[in-house]
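# Structural features, examined
The residues making up each chain are set out below.
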Amino acid sequence: MMPMKILKKLASPITSRYIANATIVEGILKGTDKPFRCLFVENLARTNYEEYIVPRTYSTPPQVVKRWRIWLPNLKRVLEKYSDTIDVGVAVLPDKCERHFQGKYAFKGGPIVRQIIDTSGTWENIFGSFRSGKKQFSNKVERKLGLTHQISKDLEDFELFYYRMFVPHIKSQFDTLAHIDSYNDMRKYFLRGFLLFVVADGIKMAGALCVIENRSLMFRRTGLLDGNEEFKKRGAQLALYHFMIHYAFDNGLTSVNTMESRSLLNDGVYANKREWGAAVFPVNDARTSVYYFITNKTSEVPTFFANNPAIINGEDGLYGLTGWPIRCKNTVLDKKELSKKYYSPGLKGMILLAPDGDRTTVRFNEVETQGLTTYIN
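The rules behind these values
- Residues numbered from 1 in each chain as written.
- Predicted model: local features only at pLDDT ≥ 70, side-chain atom pairs only at ≥ 80, totals over all residues.
- Heavy atoms only, no water.
- Helix = DSSP H or I, 4+ residues; strand = E, 2+ residues; numbered from the N terminus.
- Polar contact = N/O pair within 3.5 Å; in protein donor to acceptor, adjacent residues only side chain to side chain.
- Contact = heavy atoms within 4.5 Å.
- Pairing = 2+ DSSP bridges.
- Axes fitted to C-alpha atoms, helices over the stretch in contact; angles between N-to-C directions.
- Phe/Tyr/Trp six-rings, centres within 6.5 Å; stacked < 30°, edge-to-face > 60°.
- Buried < 20%, exposed > 50% of the residue type's maximum accessible area, 1.4 Å probe, protein only.
- Lys NZ or Arg CZ within 6 Å of the ring centre and 35° of its normal.
- pLDDT = per-residue confidence, 0-100.
- Core = buried A, V, L, I, M, F, W, Y, C linked by side-chain atoms within 4.5 Å.

### Details of the side chain of aspartate 181
Along the polypeptide, aspartate 181 turns up in the loop between α6 (155-174) and α7 (183-192). Polar side-chain contacts of aspartate 181 include one of 2.7 Å to the side chain of arginine 221. In contact with aspartate 181, not counting residues within four places along its chain, are Tyr162, Phe166, Met186 and Arg221.

Here it is in structure tokens:
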């Protein structure tokens, strides 16, 4: 007979597909003085949606009401059991589990999206896609900030990048959520590509690991020397985007693939790439989705989505989802402001949730992104 440890190890890949961690938390919803209860369900440790969303949702650390393991085929029953006591449920699960709760969720999207900067046109078009702050920064990188760049295929530089830039940067930026790629995995990409360093006063302040595939510059990983905040304040990290976009354009490449970001419109990484003109695309091979369940239709639900504006799937593409403080119908919406806050190439529009339960879809098009105020009915 096999030892129990071996049996558990053999069974683990199978059971992990059908068992998930479930947590119910309650606290004061940020932006209100009302208690708000969320259910989080996920069986993929790397997504960490609970750890990521909780601080963005509550004004103070919430209380853990219950934490347990659930059998995913029973998720529908769990949702029915707690429907009167939770306001929103967020589940990050493999797509093949969806059949167990089909029709129960309100919205669905990927946990990550891909962001790509188009460099196939003229420099005027590329520069014109930058948000105003990035235009100003790009204009002063070399002349005022004294930052230049250097390309390297030297293995010693890779050692510097991995140990003194990449690892410290990831640890300081993501803390307990950090996932650090192994040295050997990173080295494989380096041997196929190169490093782009931002340099000032002879010091390599920041670096990017780049690979060219199908005429696209893939921005695989980044790092800041020793996680030095002074280099960050000087603009070394932002300058990586400036020099990579220039490199792609100067070398006839069609795009800069900035890789994945969390599918939340106010995520810092996502927002930074958006400001450099990145378009947003679904990650079709992720095989995992975020499911949003609205079980208790309280007036605070839109505030939850205002705190966590998400990118979700629509019938014809990707949409943004957020809370709206007033009733959407029979209301004048300033699409210039809406576009300025949320629009990105690749987003078809926004779904707005109002406290009275009203839901309105506002589509982005060329007229709307020019900022005309439009009447919605």
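From this point on, the discussion continues.
### With respect to unusual backbone geometry
The general pattern is negative phi for most residues beyond glycine and trans for most peptide bonds. In this structure, asparagine 214 takes a positive phi of about 50° despite not being glycine. If you check the backbone angles, arginine 215 has positive phi at about 60° while not being a glycine. Residue position: arginine 215 is located in the loop between β9 (203-213) and β10 (216-224).

### Focus on the sheet that holds strand β3 (residues 63-71)
One open sheet accounts for 6 strands, arranged β3-β1-β2-β4-β13-β5; its pairing is mixed. If you trace the sheet from one side to the other, it starts and ends with β3 and β5 (107-109), each paired once. Neighbour to neighbour, the strand axes of the sheet diverge by 15° on average, direction disregarded. In terms of strand pairing, strand β4 (residues 88-94) meets strand β13 (residues 288-294) through 7 bridges, oriented antiparallel. Of the residues in β13, the one forming a bridge with alanine 91 is tyrosine 291.

### Notes on the packing of aromatic side chains
Applying the stated criterion across every chain yields a total of 27 aromatic pairs. Ring plane angle 35° and centroid distance 6.3 Å describe the contact between phenylalanine 158 and tyrosine 162, whose orientation is recorded as tilted. Of this pair, phenylalanine 158 and tyrosine 162 are both found in helix α6, 4 residues apart, which corresponds to roughly one turn of the helix. Classification of phenylalanine 158 by relative accessible area gives buried; the value is 0%. Overall, tyrosine 162 belongs to the buried group, its relative accessible area being 7%. For the ring pair tyrosine 292 and phenylalanine 305, a centre distance of 5.6 Å and an interplane angle of 65° mean the geometry is edge-to-face. Of this pair, tyrosine 292 sits in strand β13 while phenylalanine 305 sits in helix α11 (residues 301-307), placing them 13 residues apart in sequence. In textbook terms, an aromatic cluster arises when at least three aromatic residues are bridged by ring pairs, as seen for Trp123, Phe127, Phe130, Phe137, Phe219, Tyr241, Phe249 and Trp276. Over the ring of tyrosine 189 we find arginine 220; its NZ or CZ atom is 3.7 Å from the centre of that ring.

### Looking at the environment of glycine 235
For glycine 235, the position within the fold is in the loop between α8 (229-233) and α9 (236-250). We classify glycine 235 as buried; its relative accessible area is 5%. Between the alpha carbons of glycine 235 and phenylalanine 137 there is a distance of 8.5 Å; along the sequence they are 98 residues apart. In this structure, glycine 235 is in contact with Phe137 and Leu147, ignoring residues within four places of it in sequence.

### Side note on the confidence of the model for the protein chain
Averaged over every residue, the pLDDT of the protein chain is 87; residues scoring 70 or more account for 87%. Averaged over each element, pLDDT in the protein chain is lowest for strand β19 (residues 373-376) (32) and highest for strand β8 (residues 194-200) (97). Counted against residues more than four places away or in other chains, residues 1-13, with its pLDDT under 50, gives 2 contacts. The model gives residues 366-377 a pLDDT under 50, and that stretch makes 29 contacts with residues more than four places away or in other chains.

### Topic: the pairing of strand β15 (residues 317-323)
Burial within β15 is extensive, with 6 of its 7 residues counted as buried. Pairing analysis gives 5 bridges linking strand β14 (residues 310-314) to β15, with the strands arranged antiparallel. Each residue of the ladder has a partner; that of alanine 310, found in β15, is leucine 321. With antiparallel pairing between neighbouring strands as the criterion, β14 and β15 make up a hairpin whose turn holds 2 residues.

### A look at the nonpolar core
Core analysis: the biggest nonpolar cluster contains 46 residues, and Leu147, Phe158, Phe161, Val198 and Leu217 have the highest contact counts within it. Going through the elements one at a time, α6, α7, β8, β9, β10 and α9 are the ones with two or more residues in this core. At 9 residues, α9 tops the list of elements feeding residues into this core. Here leucine 217 is in contact with Phe194, Cys210, Val211, Ile212, Met244, Tyr247, Ala248, Leu253, Ser255, Val256 and Asn257, once residues within four sequence places are set aside. With 26 residues, the next largest nonpolar core counts Tyr49, Tyr292, Phe304 and Ala310 among its residues.

### Examining the sheet that holds strand β12 (residues 279-282)
Strands sit in the order β7-β8-β9-β10-β11-β6-β12 across an open sheet of 7 strands; the sheet is mixed. The open sheet has two edge strands with one neighbour each: β7 (148-152) and β12. Each neighbouring strand pair of the sheet contributes to a mean axis angle of 35°, computed without reference to strand direction. In terms of strand pairing, β10 meets strand β11 (residues 255-262) through 3 bridges, oriented parallel. Paired with serine 216 across the strands is serine 255, a residue of β11. In this fold helix α10 (residues 268-275) packs onto β6 (112-118), β11 and β12, with an angle of close to 155° to the strand it touches most, β11.

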